[in-house]
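Inside the fold
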Amino acid sequence: MSPMNFTHILTQAVDELSESESYKGLMHQHKDGEPLPSAKILQDIIELSRAILFPGYFGNSTVNSRTINYHIGVNIEKLFGLLTKQIMAGLCFGASEECTEDTESKQAKAADLAAKLIGLFPQLRRTLATDVEAAYNGDPAAQSFGEVICCYPAIKAITNYRIAHELLKLEVPLIPRIITEMAHSETGIDIHPGAQIGSYFTIDHGTGVVIGATSIIGNNVKLYQGVTLGAKSFPLDNDGNPIKGIPRHPILEDDVIVYSNATILGRIIVGKGATVGGNIWVTEDVPPGARLVQTKAKK
Ligand SMILES: CC(=O)OC[C@H](N)C(=O)O
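Calculation rules
Residues numbered from 1 in each chain as written. Predicted model: local features only at pLDDT ≥ 70, side-chain atom pairs only at ≥ 80, totals over all residues. Heavy atoms only, no water. Domains from an automatic or database assignment. Contact = heavy atoms within 4.5 Å. Buried area = accessible area lost by both parts, 1.4 Å probe. Salt bridge = Lys/Arg side-chain N within 4 Å of Asp/Glu carboxyl O. Helix = DSSP H or I, 4+ residues; strand = E, 2+ residues; numbered from the N terminus. Core = buried A, V, L, I, M, F, W, Y, C linked by side-chain atoms within 4.5 Å. Buried < 20%, exposed > 50% of the residue type's maximum accessible area, 1.4 Å probe, protein only. Patch = residues over 30% accessible without salt bridge, like charges linked within 9 Å, V, L, I, M, F, W, Y side chains within 5 Å. Areas by Shrake-Rupley, 256 points an atom, 1.4 Å probe, with all protein chains shown as cover. Near = heavy atom within 4 Å. Polar contact = N/O pair within 3.5 Å; in protein donor to acceptor, adjacent residues only side chain to side chain. Phe/Tyr/Trp six-rings, centres within 6.5 Å; stacked < 30°, edge-to-face > 60°. Lys NZ or Arg CZ within 6 Å of the ring centre and 35° of its normal. Expected span 1.5 Å × (residues − 1). Arc of directions from axis to C-beta. Disulfide = S-S within 2.5 Å. Lys, Arg positive; Asp, Glu negative; His and termini not counted. Charge placed at Lys NZ, Arg CZ, Asp CG, Glu CD.

Under an unreviewed UniProt entry, the name given to the chain is Serine O-acetyltransferase, and the organism recorded is Bacteroides luti.

Shown next as structure tokens:
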């Protein structure tokens, strides 16, 4: 192809891609003074959060009990600055009116929400400590808490989820979903920030786990790789659009174990202490303490 032809093809592509009919619904219209959330900075926020919650394991590895106050202080200060800006961007993204109107009060709100989230970090760390313990106690292959924190995808995914869930409760738009989707890409574990998950939660191996937006998981629950807590077909409104916000995912009560690749669908209850075996499809309530298993393979 001659350079003239390249130019023609490229110019035509530019023209077609710039036509409003072509990008309708697919472009975010930038307005001066309105930032968009940045996946890159949110990644920095997650790295800082991990360094604060699990000092020495993430971030600066030279931290010790004499210097911890300094390290946590520096990281919290950085986190507060970055988080405030990203929350502001999230508020702008979710705002129906122009974000440039009332910027000061939005900025004050963003700083307030960032401080509220950081204020929850001590409680988040206490809950994450239970998740680390559950991962260690739930896996004979784990040699130490340190190994679990450094290596287990579940700890990364659950940390992102627990931060994102608090941001969702603070009604910050978009950012919670970006944070859980970052963990999804990193670990293969997809936990929607809207799910409610108790303490001592663990996922062994993790790859392919999906936990839907309205799932409710009690305390001391263990999942294996490939488990889906999903929804069944959903109702549509008169215009044929899905009706949002309906509880449609399972409730797993305390002490439930679900083995690999089980698919549990709909707003059903898996009762306290029940065990759901691998590779099964569950769409009805499971009584407390039940053992649900697939029929054995036959020769
Ligand atoms: C996990 C799952 O059921 O996904 C289906 C859909 N995203 C929903 O939330 O209903």
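This next bit is on the domain arrangement of the chain. Per the domain assignment, the segments of the chain are domain 1 (35-188) and domain 2 (195-299). Listed as interface residues are 17 residues of domain 1 and, on the opposing side, 17 residues of domain 2. Roughly 1200 Å² of surface becomes buried between domain 1 and domain 2 when both sides are summed, with 52% attributable to carbon and sulfur atoms. Counting across the interface, domain 1 meets domain 2 through zero salt bridges. At the level of elements, helix H6 (121-137) and helix H8 (153-169) are the ones that each hand at least two residues to the side of domain 1 that touches domain 2.

Residues Ile87, Ile191, Phe201, Ile211, Leu223 and Val258 are the most contacted members of the largest nonpolar core, which totals 70 residues. In terms of residue count, the dominant contributor to this core is H8 (eight residues). Split by domain, this core shows at least three residues from each of two domains, domain 1 (35-188) and domain 2 (195-299). Sequence-distant contacts of Phe201, defined by excluding residues within four places in its chain, comprise Asp131, Ala134, Ile158, Arg162, Ile211, Ile217, Val221 and Leu223.

On to a nonpolar patch on the surface, then. On the surface, Met1, Phe6, Ile9 and Leu10 cluster together into a nonpolar patch covering about 460 Å² of accessible area. Residue placement: Met1 occurs in the segment before helix H1 (3-17). A relative accessible area of 67% places Met1 in the exposed class.

What follows is about the site of the ligand. Lining the immediate surroundings of the ligand are Val210, Gly212, Leu229, Gly230, Ala231, Arg248 and His249. Measuring from an oxygen atom of the ligand, one finds a side-chain N or O atom of His249 at 3.1 Å. For the ligand, whose free accessible area comes to 290 Å², the fraction covered by protein is 59%.

Another aspect to go through is the packing of aromatic side chains. For the structure shown, the criterion picks out three aromatic pairs. Their ring planes at 15° and their centres at 4.9 Å tell us that Tyr224 and Tyr259 sit as a pair that is stacked. Residue Tyr224 is found in strand S6 (residues 222-224), and its partner Tyr259 is found in the loop between strand S9 (257-258) and strand S10 (263-265); the two are separated by 35 residues along the sequence. Overall, Tyr224 belongs to the buried group, its relative accessible area being 15%. Since its relative accessible area comes to 34%, Tyr259 is described here as partly exposed. Its end group placed over the ring of Phe58, Arg50 keeps NZ or CZ at 6.0 Å from the ring centre.

Attention now moves to unusual backbone geometry. Even without being a glycine, Leu174 presents a positive backbone phi close to 65°. The topology assignment puts Leu174 in the loop between H8 and helix H9 (175-187). Non-glycine residue Tyr200 carries a positive phi angle of around 50°. Mapping Tyr200 onto the fold places it in the loop between strand S2 (196-197) and strand S3 (202-204).

Between its first and last C-alpha atoms helix H5 (residues 103-119) spans 24 Å; for 17 residues at 1.5 Å apiece the expected length is 24 Å, and the two agree. For H5, the set of buried residues is Lys106, Ala110, Leu113, Ala114, Leu117 and Ile118. Axial view of H5: buried residues confined to an arc of 135°, hence all on one face. Of the exposed residues in H5, the ones pointing more than 90 degrees away from its buried face are Glu104 and Gly119. For H5, the elements touching its buried residues are helix H4 (68-94), H6 and H8.

This next bit is on the state of the cysteines. Under the definition given, this model contains zero disulfides. The thiol of Cys150 is unpaired, and the distance to the nearest cysteine sulfur, on Cys151, comes to 5.3 Å. On the basis of relative accessible area, Cys151 is assigned to the partly exposed category, the value being 47%.

Let's shift gears to a negative patch on the surface. Judged by side-chain charge, Asp15, Glu16, Glu19 and Glu21 come together as a negatively charged surface patch. Secondary-structure assignment places Glu21 in helix H2 (residues 20-23). When its relative accessible area of 61% is taken as the criterion, Glu21 is described as exposed.

As enumerated under the stated definition, the model contains six salt bridges in all. The residue Lys169 makes a salt bridge to Glu166 at a minimum N-O spacing of 3.5 Å. Taken as a pair, Lys169 and Glu166 lie in helix H8 at a separation of three residues, close to a single helical turn. When its relative accessible area of 53% is taken as the criterion, Lys169 is described as exposed.

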